[in-house]
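Residue-level structure breakdown
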Amino acid sequence: MDTAVTALVVVGALVVLALVALVAVKTRYKIASPSEALIIVGKKGKPVTNPQTGEVSTDLSGQKVVMGAGVFVKPLVQQAHRLSLSSVRIPISIRGAVSRQGIRLNVDGVAIVKVGGTEDLVRAASQRFLQQQKEIEPFTQEVLAGSLRGVIGTLTVEEIIRDRVAFARQVEEEAVTSLNNQGLVLDTLQIQDVSDDGNYLKDLGRPEAANARRAAEIAEANNAQEAQQAKALSDAKIAEAQRDLALQQAQFRADQDKAAAEADAAGRLAEAAAQQQVLQEQERVAQRQAELTERKLDTEVRKPADARRYEAEQQALAQKTARVLSAEAEQQAAVAAAQAEAERVRLSAEAEAARVRLAAQAELQRRTADADAVRLEGQAQAESISATGAAKAEALRKEAQALKEFGEAALTQRALDVLPELAQALASPIAGIKDLTVISNDGAGALSRSVGSNVQETLEVLRRTTGLDVTRLLHGLGAEQAGERAARAGEQVRPLDGSRVRSAESAPR
């Protein structure tokens, strides 16, 4: 009995241990789903020596990466971390990116990014985003925004708009290195919209829109012309059919009339055969009646039928010609209008360009003429001032030279030149007097003495202020003239008192 109990206890203990072992194995055995990777850490990596610096470090071989499989994580010495490999849709939007032409563009797009599927990329991503996987989106947005701005700066707006696939490919090539260094892979990049804050993109498509509109108008004009031509041909065919019908009806009526006339003539011929006696007369009557009938048929049936047929033909031909001419006129008018509009636009553009060019040339010529006028006026003024100064300097120089050479004689001459003006100035107060009454014992002699006194006072003031003694100069001039006369008479004149002295040759012996 005790042995059985003991055996049961041992078996129960073994079962419990087995269950505990199974639970422990289950909890420590990790399976990675298809959209995630397991990073097992706890083992030390291998030492690596830098060949350039000689520094020894540990590589990442101790971090085991498991994708789509299971692994047993050793308790206490290892830990398992899960890193999502699912793709992340990240919107990209930049504003004011400058193109190669200097145009600021706004670009919107979407990128599909995920952690790389290789062990090296998983290790790199786990180092940077394992505990902060939400940071993958802002990091990718910054990297792609920088790559977008860099690529836009090397392209023109036309290259960006017309080949968005190549543009996105260049952005991917620009950003792939930065993303791979972080363990990320760019699955795809789609450029959804490119716009600008101005009217550059709107104006970019205006020439093509104008060409398309012009082509559509030309096509509509051609279609209208073809429709008019088809309608004219249809009307012509209808008129021709109506003409044929009228001709057939006229021919049918002519045949009926002819048959009736023939039947009538046959009846009468039978009567003429029955009546032999009046055969000749009836024959003549029949012949006359036949001729009359023929003329009547020709007059009433054939000629009206021919006239109606000719009239129908002429009307159909006229309508056809009118429609063709109308269609050709409308076509020529449309073509001429298009050519006139194109010529008007070209002439307007040429006239505007010529006006701007002529205005620029006129403004340039005006400014050049103003500058030349100012320059010539300045030169003329400078030359005039220079010439005036030179003339005045030359006159002063010559006057100084004359004064230096002739001395008192020149001063005397200047004094003689000034004396008339001085006398006139002194006599000017008296010259304006019409009636003069002198109250004096001397009578009119006082007036002349007053004028002489004024002259002497003026000469004295001139001597005191300028040092020029006009009286002495005049005395000297008189002495020189007397000396010249005495020399001619054989006498010597004293320069100071004016007395004459006979020379030794002329004295009486």
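Residues numbered from 1 in each chain as written. Predicted model: local features only at pLDDT ≥ 70, side-chain atom pairs only at ≥ 80, totals over all residues. Heavy atoms only, no water.

Topic: the overall build of the protein
Across its full length, the protein holds 11 helices and 12 strands. Of all 509 residues assigned to the protein, the portion counted as buried reaches 18%. Within the protein, contacts between residues at least 6 apart in sequence are counted, and of these 67% link residues at least 24 apart. (Helix = DSSP H or I, 4+ residues; strand = E, 2+ residues; numbered from the N terminus. Buried < 20%, exposed > 50% of the residue type's maximum accessible area, 1.4 Å probe, protein only. Contact = heavy atoms within 4.5 Å.)

Focus: the nonpolar core
Membership of the largest hydrophobic core comes to 39 residues, with the highest contact counts inside it found for Val115, Val122, Ile152 and Phe167. For this core, the elements supplying multiple residues, two or more each, are strand E2 (36-41), strand E8 (88-98), strand E9 (104-115), helix H2 (119-129), helix H3 (136-152), helix H4 (157-162), helix H5 (164-181) and strand E10 (184-196). With sequence-adjacent residues up to four places away left out, Ile152 is seen in contact with Ile94, Ala97, Val98, Ser99, Arg100, Leu105, Val107, Ile160 and Phe167. By size, the runner-up hydrophobic cluster in this structure holds six residues, among which are Ala32, Leu38, Ile40 and Val66. (Core = buried A, V, L, I, M, F, W, Y, C linked by side-chain atoms within 4.5 Å.)

Focus on the sheet that holds strand E5 (residues 64-67)
Overall, antiparallel pairing links the three strands, which are arranged E5-E2-E7 in an open sheet. Of all the strands in the sheet, just E5 and strand E7 (79-84) have a single pairing partner and so form its edges. The average undirected angle you get between the axes of adjacent strands in this sheet is 25°. Inspection of the sheet shows E2 paired to E7 by six bridges, in the antiparallel sense. Following the sheet pairing, Val41 is matched in E7 by Gln79. (Pairing = 2+ DSSP bridges. Axes fitted to C-alpha atoms, helices over the stretch in contact; angles between N-to-C directions.)

With respect to a positive patch on the surface
Positive charge collects at one region of the surface, where Lys43, Lys46, Lys64 and Lys74 lie side by side. Within the secondary structure layout, Lys46 lies in the loop between E2 and strand E3 (47-49). (Patch = residues over 30% accessible without salt bridge, like charges linked within 9 Å, V, L, I, M, F, W, Y side chains within 5 Å. Areas by Shrake-Rupley, 256 points an atom, 1.4 Å probe, with all protein chains shown as cover. Salt bridge = Lys/Arg side-chain N within 4 Å of Asp/Glu carboxyl O. Lys, Arg positive; Asp, Glu negative; His and termini not counted. Charge placed at Lys NZ, Arg CZ, Asp CG, Glu CD.)

Examining H3
Since one α-helical turn is 3.6 residues long, residues separated by three or four positions face the same way. Across its 17 residues, H3 extends 24 Å between first and last C-alpha, which sits within 8% of the 24 Å expected from 1.5 Å per residue. If you check which residues of H3 are buried, you get Ile136, Thr140, Val143, Leu144, Ala145, Ser147, Leu148, Val151 and Ile152. Close packing links the buried residues of H3 with E8, E9, H2, H4, H5 and E10. (Expected span 1.5 Å × (residues − 1).)

Focus on the packing of H3 against H5
Each pair of packed helices can be summarised by the angle the axes make with each other and by the distance between the axes. Their axes nearest at 9 Å, the elements H3 and H5 cross at an angle of 130°. By the criterion of interaxial angle, the relationship of H3 to H5 is oblique. Between H3 and H5 lies a crossing whose hand is right-handed. Only Phe167, Gln170, Val171, Glu174, Ala175, Ser178 and Leu179 of H5 make contact with H3, whose side of the interface consists of Phe139, Thr140, Val143, Leu144, Ser147, Leu148, Val151 and Ile152. Residues that form the contact of H3 with H5 fall into these classes: 10 nonpolar, four polar and one charged. (Parallel < 35°, antiparallel > 145°, perpendicular 65-115°, else oblique. Left-handed = near helix turned anticlockwise from the far one by under 90°. Nonpolar A, V, L, I, M, F, W, Y, C, P; charged D, E, K, R; others polar.)

Focus on a nonpolar patch on the surface
Nonpolar side chains collect at one region of the surface, where Val11, Val15, Leu19 and Leu22 lie side by side and expose about 370 Å² of accessible area between them. Structurally, Leu22 can be placed in helix H1 (residues 2-28).

Re the pattern of salt bridges
When the charged atoms of two side chains lie near each other, side chains of opposite charge can form a pair. Taken as a whole and assessed by the stated rule, the structure comprises 14 salt bridges. The partner of Arg95 in a salt bridge is Asp108, with the nearest N and O atoms 3.1 Å apart. Here Arg95 is found in strand E8, whereas its partner Asp108 is found in strand E9, with 13 residues between them in sequence. One salt bridge in this structure joins Glu363 and Arg366, with 2.5 Å as the shortest N-O distance. Of this pair, Glu363 and Arg366 are both found in helix H8 (residues 279-406), three residues apart, which corresponds to roughly one turn of the helix. The exposure class of Glu363 is partly exposed, given its relative accessible area of 29%. Under the relative-accessibility criterion, Arg366 is labelled partly exposed at 43%. Salt bridges sharing partners connect three or more residues here, namely Glu363, Arg366, Arg367 and Asp370.

Description of the pairing of E9
The element E9 is largely enclosed, with a buried count of nine among its 12 residues. Here E8 runs beside E9; their pairing, made up of nine bridges, is antiparallel. Looking at the pairing, Ile92 lines up with Gly109 of E9. As consecutive antiparallel partners, E8 and E9 are separated by five residues, and within that stretch Gly102 has a phi angle of approximately 90°, a positive value.

Remarks on the packing of aromatic side chains
Counted under the stated rule, the structure contains one aromatic pair. When the ring of Phe129 is compared with that of Phe139, the centres are 5.8 Å apart and the planes differ by 55°; the resulting orientation is tilted. Of this pair, Phe129 sits in helix H2 while Phe139 sits in helix H3; the two residues are 10 residues apart in sequence, bridging distant segments of the chain. The buried category is assigned to Phe129, whose relative accessible area is 5%. Overall, the relative accessible area of 22% leaves Phe139 in the partly exposed class. (Phe/Tyr/Trp six-rings, centres within 6.5 Å; stacked < 30°, edge-to-face > 60°.)

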